[in-house]
Amino acid sequence: MVTSRILPILGLVLAITALGVLFWSYSSPEITIMPTRTLLIDGTAVHVAVANTPESRAKGLSGTSSLAEGEGMLFVFDDDDRHMFWMKDMVFSIDILWADRDGRVVHIEQSVSPETFPQTFAPPVPARYALEVPAGFAAARDIKIGSVLKVSQVSP
């Protein structure tokens, strides 16, 4: 008789626990640690998080509150293409610099603001890398088409 009362209660407790674990696993933020590197672009050091997986490239800087001076995110792609970017879930403006497989800058979008979403930005020619840095970075350092981004230590 005691067993007949305990089993339904035990089943209910287990069901609630299972639902709680399931909810927690889907709602808890994923912790992703991206590799970091320091690269040089025309002699300027930039400490970057490297987005070199489909998941890290999709997330990018979304949800980041800001970038400090000398920080950025380097997107490393497996192939040369006209990789597009947008400002989904961004809260600050950035410069986007695309570079070919040799690290030569092939296109720059300056001061791209969050208000441009859902507009997309892409280089006019294929690129292997994209570097996102604080808005004004390229102009302040006279970075232009043909500037060289040293990425030899970074691989997808």
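Quantities reported herein were computed from a predicted structural model and do not represent experimental measurements.

What the seven strands build is an open sheet, ordered β5-β4-β6-β3-β2-β1-β7; its pairing is mixed. Only two strands of the sheet have a single partner each, and these edge strands are β5 (105-112) and β7 (149-150). Two elements, strand β1 (residues 36-41) and β7, share two bridges in a ladder whose sense is antiparallel. The residue of β7 that forms the bridge with I41 is L149.

Glancing now at the pattern of salt bridges. By the definition in use, this model includes four salt bridges. Among the salt bridges present, the one from R141 reaches E69, with a minimum N-O distance of 2.0 Å. In this pair, R141 is assigned in the loop between α3 (137-140) and β7 and E69 in the loop between α2 (54-59) and β3 (71-81), connecting sequence segments 72 residues apart. Judged by its relative accessible area of 27%, R141 falls in the partly exposed class. Across the pair D80 and R128 runs a salt bridge whose closest N-O atoms are separated by 2.8 Å. Here D80, found in strand β3, pairs with R128, found in strand β6 (residues 127-134); they are 48 residues apart in sequence, far enough to count as distant. Each member of the salt-bridge network shares a partner with another, and the members are D80, R101 and R128.

Rules of the game
Residues numbered from 1 in each chain as written. Predicted model: local features only at pLDDT ≥ 70, side-chain atom pairs only at ≥ 80, totals over all residues. Heavy atoms only, no water. Pairing = 2+ DSSP bridges. Helix = DSSP H or I, 4+ residues; strand = E, 2+ residues; numbered from the N terminus. Salt bridge = Lys/Arg side-chain N within 4 Å of Asp/Glu carboxyl O. Buried < 20%, exposed > 50% of the residue type's maximum accessible area, 1.4 Å probe, protein only.

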